[in-house]
2 protein chains.
Amino acid sequence: MNLILLSGGSGKRLWPLSNDIRSKQFIRMLSDENGGLESMLGRVYRQITQVDPEARITIATGKKQVSLIKNQLGDKVGVCVEPCRRDTFPAVCLAAAYLRDRQGVKEDEIVVVCPVDPYVETSYFEALKEMAEMARTGDANLYLMGIEPTYPSEKYGYIIPVSQEPVSSVDTFREKPDIATARRYIAQGALWNGGVFAFRLGYLLEKAHEQMDFTDYRDLYDRYGEQKKISFDYALAEREKEIRVLRYKGQWRDLGTWNTFCEAMAGRTLGRAAMDGTCENTHVVNELNIPILCMGCKDMVIAASNDGILISDKEQSSYIKPFVEQIEQQVMYAEKSWGSFTVLDVQEDSLTIKIVLLPGHALHYHSHEHRDEVWTVMGGQGKAVIDGVERSLSPGDVVSMPAGCRHTVSACSELKIIEVQLGRNISVEDKQKYKLPFSE
Amino acid sequence: MNLILLSGGSGKRLWPLSNDIRSKQFIRMLSDENGGLESMLGRVYRQITQVDPEARITIATGKKQVSLIKNQLGDKVGVCVEPCRRDTFPAVCLAAAYLRDRQGVKEDEIVVVCPVDPYVETSYFEALKEMAEMARTGDANLYLMGIEPTYPSEKYGYIIPVSQEPVSSVDTFREKPDIATARRYIAQGALWNGGVFAFRLGYLLEKAHEQMDFTDYRDLYDRYGEQKKISFDYALAEREKEIRVLRYKGQWRDLGTWNTFCEAMAGRTLGRAAMDGTCENTHVVNELNIPILCMGCKDMVIAASNDGILISDKEQSSYIKPFVEQIEQQVMYAEKSWGSFTVLDVQEDSLTIKIVLLPGHALHYHSHEHRDEVWTVMGGQGKAVIDGVERSLSPGDVVSMPAGCRHTVSACSELKIIEVQLGRNISVEDKQKYKLPFSE
């Protein structure tokens, strides 16, 4: 099975654990099968490979998520990077071109598109496999999954099938309705549109060329910014006459808000947290190294990271987005492909951060125009290059880099460094990159 | 007026803002008269000097509080330090001996003893002045303040006066009762025992010598550990026949729990905090540089510091003590006479702290046996002495101190330093102090 997983979203709704860099699908808060913790991405990957160990998985995503995907899944998946954001139709087309031109997938092979973050049972992925098989043998152009609704939700689009058979033609698509309309749809036998599609690769590329001007993957990548923002449903599904919907009846949840996320959490508390005996239906996720004590909390969710601390009634937490948008907070913690950084202290004319560099990784060779930097090695072994001169690094070693000094560091073992940045108006923009003066 | 302010308590009830080092009386969360913030100690000091600009104030306290008192009040008050904790009678006797032997107070002068942390109107200190005057001219040995109760509290001791006159003899003292008993006492005209006493210095010292074996202040200080733990009420007030109680009718509150403390707070939020429109009767104190967002919180108190984060129903917060005792957390922030330190990062074999050294202050000249240290100067100017060699310090300067290296630093202007400590089992005990090899 060829699978394209669409991984989007800045995930403000799960603030402060999700931020512009870390979307909800990467947060490790679900129970894996061995009593450990896994992310939505990790869970979905595990479930797919349980159903189809041979599945070829490609994640279509933006630049910011590449490091996190690599950190969580390594090279086990392909990553098709959108140079900028352009809704789902261009994203699927780019991924389709990537599959053909970079992964060697044949045009008569079947591709299944699926969101990266459904919280489902394994049977969901069995259904995907079935859809792929149906697309291979059937005579329709497009197959999609219709999820049997469990309540009249305002959050999903609806599909009205022609019949109540397991596989049916589609009568119409409906946008997200209000609750009364949703009730009416459901009475008519409507299904939720789960954003899952199966098609022959050649079919999709043909449709792509009809609507977008490009030659191949590289060309589409280069001209991606010119493409119109349009959803897959609107550009294709709603116009396709030869379309079939497969009913899926099984657990399917969108863990998009704290309220729903808590239900799937590995336990009532993650991280340093204690509750007194009068707390009820309360969940705590604490990524800080500061203990949390809850007393008399009812129906609450508490989530703490270096980005912020949320203390919310569970119902109320669905309305978080506008409040988070008002909070100005520099990113205090970020996972990168090379490791991570944590801001420890912010002063008017200095910034102190902790850098963890993974073995085998290195920073870019770079300099800063407006700030001096000092490294103190806390742990691990590494090598620095300072103005072209290489030196080894061990715990206790100190490197002073005045403004203009070119520097980089690579880790032999996991390297932990305290970096003190000194200057006014310290900015991530103040960075000039260079090629290393020698190659290793 | 000679005033002894008793400053005790480790203040676990206002965790995480109070800890073993910072008791509740030092937390700056009350409105001062200029729209700024002041502590209970600052407020009481201000009120006393408004009523009596000539008041001679001595604070009786333990070692741990001396730095904080000096930071908040400088040399405007005397500090009588108890070498160890011994309840209120020995503490008052030590302070009395200190007044006579160190401050030159005559034995026929009047001394008033008062807790350091009542939340009161200025009229309370007018009443103290009146008590002192009454003690000077009256014929009783001991005068105490009886506060007219506003509700049947289980938290206070009660005084049953003989009459309902403004000044009365005392019938009996009663320990903290249950609510039903408290109601009965109040029906009998009982008053709360506010822990305020006035007496002639000579009288108190005579009583002290009757119960304790000592010659003078120095001797009592040296033998303080041998003294019996006994309260002032039990040792003296309940045994004294020539005693009078003064009625006080005015605002008098004990801000000993979050529930009561919130009522006196300068605003609904202190520090970085936002609330949505559905929060009700909720207070937030945030000492962290991490934003807090509250949604749908009702009747809650939220308090965050580097020591911990409390999220509690206001009523429930009174029962905090046993929970806090279970939380193991090293002190992450401490104010010292010389400035402050903040723990920024804890690793198995390193510890990173921020040191702020106030102008004119210096650390002890010291070394560590089992750890190396590296300083990076973030801001300010200072001088270091490293193994006997003096050098000046400016932002960006780095000092590496291997184990055994003797070092100190003094601040010319406010000096901010990042200190990375490197070694296993890093402990505050690993410190050897030395005299500086030269005097300045």
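Throughout this description, residue numbers start from 1 for each chain and increase along the sequence as written. All chains are assigned letters beginning at A, and all ligands numbers beginning at 1, according to the order in which they are written. In keeping with the predicted nature of the model, local features appear solely for residues at pLDDT of at least 70, side-chain atom pairs appear and are counted solely at 80 or more, and the whole-chain, interface and lining totals rest on all residues. By convention in this description, side-chain values take in all heavy atoms of the structure and omit both hydrogens and water.

Hey, could you go over the overall build of chain A for me, with residue numbers and the actual values?
For chain A, the helix and strand inventory stands at ten helices and 30 strands. Its C-alpha radius of gyration of 24 Å places chain A within 12% of the 22 Å reference for a compact globule of 440 residues. Dimensions of chain A along its principal axes, counting C-alpha atoms only, are 70 × 60 × 40 Å. Exposed residues in this analysis have more than 50% of their type's maximum accessible area, buried residues have under 20%, and partly exposed residues fall in between, with area computed by a 1.4 Å probe over protein chains only. Looking at chain A as a whole, 55% of its 440 residues are labelled buried. Only the protein chains shown count as covering a residue, and every accessible area follows the Shrake-Rupley method with a 1.4 Å probe. If you sum the accessible surface of chain A, you get close to 18,700 Å²; carbon and sulfur atoms cover 45% of it. For the charge count, each Lys or Arg is scored as positive and each Asp or Glu as negative, with His and the chain ends excluded. A charged residue contributes its charge at one atom only: NZ of Lys, CZ of Arg, CG of Asp or CD of Glu. For chain A, the distance from the average site of its 52 positive side-chain charges to the average site of its 62 negative ones is 0 Å. Every helix listed is a DSSP run of H or I at least four residues long, and every strand listed is a run of E at least two residues long, numbered separately from the N terminus. Radius of gyration here is computed from C-alpha atoms only, and the compact-globule reference equals 2.2 Å multiplied by the residue count raised to the power 0.38.

So what's going on with the relation of the copies chain B and chain A? Residues and values would help.
Only residues with pLDDT of at least 70 in both copies contribute their C-alpha atoms to the least-squares superposition of the copies. Superposing chain B onto chain A takes a rotation of 180 degrees plus a shift of 0.1 Å along the axis, which leaves an RMSD of 0.2 Å. Here the symmetry operator amounts to a two-fold rotation axis. Relative to the rotation axis, the closest C-alpha in chain B is found at Leu-344 of chain B, a distance of 3.0 Å. Both copies present the same face, since 100% of the interface residues in chain B are matched by interface residues at the equivalent positions in chain A. We call two residues in contact when some of their heavy atoms are within 4.5 Å.

How would you summarise the interface of chain B and chain A if you had to cite specific residues and measurements?
Counting residues at the interface gives 51 residues for chain B and 53 residues for chain A. Once two parts are put together, the accessible area they lose, assessed with a 1.4 Å probe and summed over both, is termed the buried area. Roughly 4,100 Å² of surface becomes buried between chain B and chain A when both sides are summed, with 68% attributable to carbon and sulfur atoms. When residues of chain B are sorted by the area they lose upon contact with chain A, Leu-293, Met-295 and Ile-311 of chain B head the list and together hold 17% of the total. For salt bridges, the criterion is a side-chain nitrogen of Lys or Arg within 4 Å of an Asp or Glu carboxyl oxygen. Summed over the shared surface of chain B and chain A, the result is two salt bridges. Counted as a polar contact is a pair of N or O atoms within 3.5 Å, where, for protein atoms, one must be capable of donating a hydrogen and the other of accepting one, and residues adjacent in sequence contribute only when both atoms are in side chains. In this structure, the connection of chain B to chain A is made through 14 residue pairs in polar contact (both at pLDDT 80 or more). Among the elements that line the side of chain B that touches chain A, the one with the most residues is strand S19 (residues 308–313) of chain B, at six residues. For the side of chain B that touches chain A, the residue count by class is 28 nonpolar, 15 polar and eight charged. Paired strands, in this sense, are two strands between which DSSP finds at least two bridges. Two elements, strand S19 (residues 308–313) of chain A and strand S17 (residues 292–295) of chain B, share four bridges in a ladder whose sense is parallel. For Ile-309 of chain A, the partnering residue across the bridge sits in S17 of chain B and is Ile-292 of chain B. Under the scheme applied here, ten amino acids are nonpolar (Ala, Val, Leu, Ile, Met, Phe, Trp, Tyr, Cys and Pro), four are charged (Asp, Glu, Lys and Arg), and all others, including Gly, are polar.

Which residues make up the state of the cysteines, and what values go with them?
Residues and elements named next belong to chain A. By definition, disulfides here are pairs of cysteine sulfur atoms that lie within 2.5 Å. On inspection of all chains with the given rule, the structure shows zero disulfides over all chains. For Cys-297, which is in no disulfide, the shortest distance to another cysteine sulfur is to Cys-294 and amounts to 4.4 Å. Residue classification places Cys-297 among the buried residues on the basis of a relative accessible area of 0%. Cys-405 takes part in no disulfide bond, and the closest cysteine sulfur to it belongs to Cys-412, at a distance of 19 Å.

Break down the packing of helix H3 (residues 88–101) of chain B against helix H6 (residues 201–211) of chain B for me, with residues and values.
Residue and element names in this part refer to chain B. What counts as an axis is a line fitted to C-alpha atoms, over the stretch in contact for a helix, and the angles between N-to-C directions run from 0 to 180 degrees. Where H3 contacts H6, the two axes come as close as 10 Å, and the packing angle between them is 125 degrees. The orientation of H3 relative to H6 falls into the category oblique. Both H3 and H6 take part in a crossing whose hand is left-handed. Seen from H3, the contacting residues are Phe-89, Val-92, Cys-93, Ala-96, Ala-97, Leu-99 and Arg-100; seen from H6, they are Leu-201, Leu-204, Leu-205, Lys-207, Ala-208 and Gln-211. Counted by class, the contact of H3 with H6 contains ten nonpolar, one polar and two charged residues. Roughly parallel means an angle under 35 degrees; roughly antiparallel, over 145; roughly perpendicular, 65 to 115; everything else is oblique. The crossing is said to be left-handed when, going from far helix to near helix, the turn is anticlockwise and less than a right angle, and right-handed when the turn is clockwise.

An account of the sheet that holds strand S27 (residues 398–401) of chain A is needed here, citing residue identities and associated values.
Picture the strands of a sheet paired through backbone hydrogen bonds; they go either parallel or antiparallel. All names here are of chain A. The antiparallel open sheet is built from six strands, whose spatial order is S20-S21-S22-S29-S24-S27. Each of the sheet's edge strands pairs with one partner strand only, and the pair in question is strand S20 (333–336) and S27. When strand polarity is set aside, the average angle formed by the axes of neighbouring strands in this sheet is 20 degrees. Examined bridge by bridge, S20 and strand S21 (residues 339–347) share four bridges and lie antiparallel to one another. Following the sheet pairing, Tyr-333 is matched in S21 by Thr-342.

Explain the pattern of salt bridges to me, and be specific about the residues and the numbers.
All names here are of chain A. This model, assessed by the stated rule, comprises 48 salt bridges over all chains. With its nearest N and O atoms 3.2 Å apart, the salt bridge here joins Asp-222 to Arg-218. Within this pair, Asp-222 and its partner Arg-218 are both found in helix H7 (residues 217–222), separated by four residues, close to a single helical turn. For Glu-348, the salt bridge is made with Arg-424, and the minimal N-O distance between the two is 3.0 Å. Note that Glu-348 is positioned in the loop between S21 and strand S22 (350–357) and Arg-424 in the loop between strand S29 (415–422) and strand S30 (432–434), a separation of 76 residues in sequence.

Tell me about the packing of aromatic side chains, and name the residues and values.
Residues and elements named next belong to chain A. Ring geometry is summarised as follows: Phe, Tyr and Trp rings, the Trp one being its six-membered ring, pair when their centres sit within 6.5 Å, and such pairs are stacked at plane angles under 30 degrees, edge-to-face over 60 and tilted between the two. Applying the stated rule across the entire model yields 28 aromatic pairs over all chains. An angle of 65 degrees between the planes, with centres 5.1 Å apart, marks the rings of Tyr-156 and Trp-252 as edge-to-face. Highlighted residues: Tyr-156 in the loop between strand S8 (142–147) and strand S9 (158–161) and Trp-252 in strand S13 (residues 252–254), separated in sequence by 96 residues. Taken individually, Tyr-156 and Trp-252 each receive the classification buried, so the pair is uniform in this respect. Seen in terms of ring centroids, Tyr-365 and Tyr-434 are 6.3 Å apart; in terms of plane orientation they differ by 70 degrees. Their pairing is edge-to-face. One end of the pair, Tyr-365, is in strand S23 (residues 365–367); the other, Tyr-434, is in strand S30, and 69 residues separate them in sequence. Its relative accessible area of 6% is what places Tyr-365 among the buried residues. Given the relative accessible area of 27%, Tyr-434 is considered partly exposed. What links up through ring pairs into an aromatic cluster is the set Phe-89, Phe-197, Phe-199 and Phe-232. Sitting over the ring of Tyr-234, Arg-239 keeps its end group 5.8 Å from the ring centre. A ring has a charge above it when a Lys NZ or an Arg CZ is no more than 6 Å from the ring centre and no more than 35 degrees off the ring normal.

Can you explain the environment of Gly-104 of chain B? Please cite residues and give values.
Residues and elements named next belong to chain B. Locating Gly-104 in the fold gives a position in the loop between H3 and strand S6 (110–115). The exposure class assigned to Gly-104 is partly exposed, which follows from its relative accessible area of 41%. Taking C-alpha positions, Gly-104 is 20 Å from Glu-133, a pair spaced 29 residues apart along the chain.

Kindly report on the sheet that holds strand S14 (residues 269–270) of chain B, identifying the contributing residues and their values.
Across the sheet, which stays open at both edges, the six strands sit in the order S15(A)-S17(A)-S19(B)-S18(B)-S16(B)-S14(B) with mixed pairing between neighbours. Unpaired on one side and paired on the other, strand S15 (273–275) of chain A together with S14 of chain B mark the two borders of the sheet. Alignment of strand S16 (residues 283–286) of chain B against strand S18 (residues 300–305) of chain B, held across four bridges, turns out to be parallel. The residue bridging Asn-286 of chain B from the neighbouring strand is Ala-304 of chain B, located in S18 of chain B.

Can you tell me about the side chain of Arg-46 of chain A, naming the residues and giving the values?
Residues and elements named next belong to chain A. Topologically, Arg-46 is positioned in helix H1 (residues 40–51). Residue Arg-46 is classed as buried on the basis of its relative accessible area of 18%. Of note is the side chain of Arg-46, whose polar atom sits 2.7 Å from the side chain of Glu-38. Ignoring sequence-local partners within four residues, the contact set of Arg-46 consists of Glu-33 and Glu-38.

Before we move on, can you summarise the pairing of strand S22 (residues 350–357) of chain B with the specific residues and values?
Residue and element names in this part refer to chain B. Of all eight residues that make up S22, eight are buried, and the element is covered over most of its length. What you see with S22 is no split at all: Ser-350, Thr-352, Lys-354 and Val-356 on one side and Leu-351, Ile-353, Ile-355 and Leu-357 on the other are buried throughout. Both strand S21 (residues 339–347) and S22 contribute to a ladder of eight bridges, which runs antiparallel. By the bridge assignment for S22, Gly-339 is matched with Leu-357. A loop of two residues connects S21 with S22, the two strands running antiparallel in sequence. Relative to strand S29 (residues 415–422), S22 is paired through eight bridges, and the arrangement is antiparallel. Bridging from a neighbouring strand, Thr-352 pairs with Val-420 of S29.

Give me the lowdown on the environment of Lys-106 of chain A, citing residues and values where you can.
Positionally, Lys-106 of chain A belongs in the loop between helix H3 (88–101) and strand S6 (110–115). When the C-alpha atoms of Lys-106 of chain A and Leu-201 of chain A are compared, they prove to be 7.3 Å apart, with 95 residues separating the residues in sequence.

Interpretation in functional terms is not warranted from these geometric data alone.
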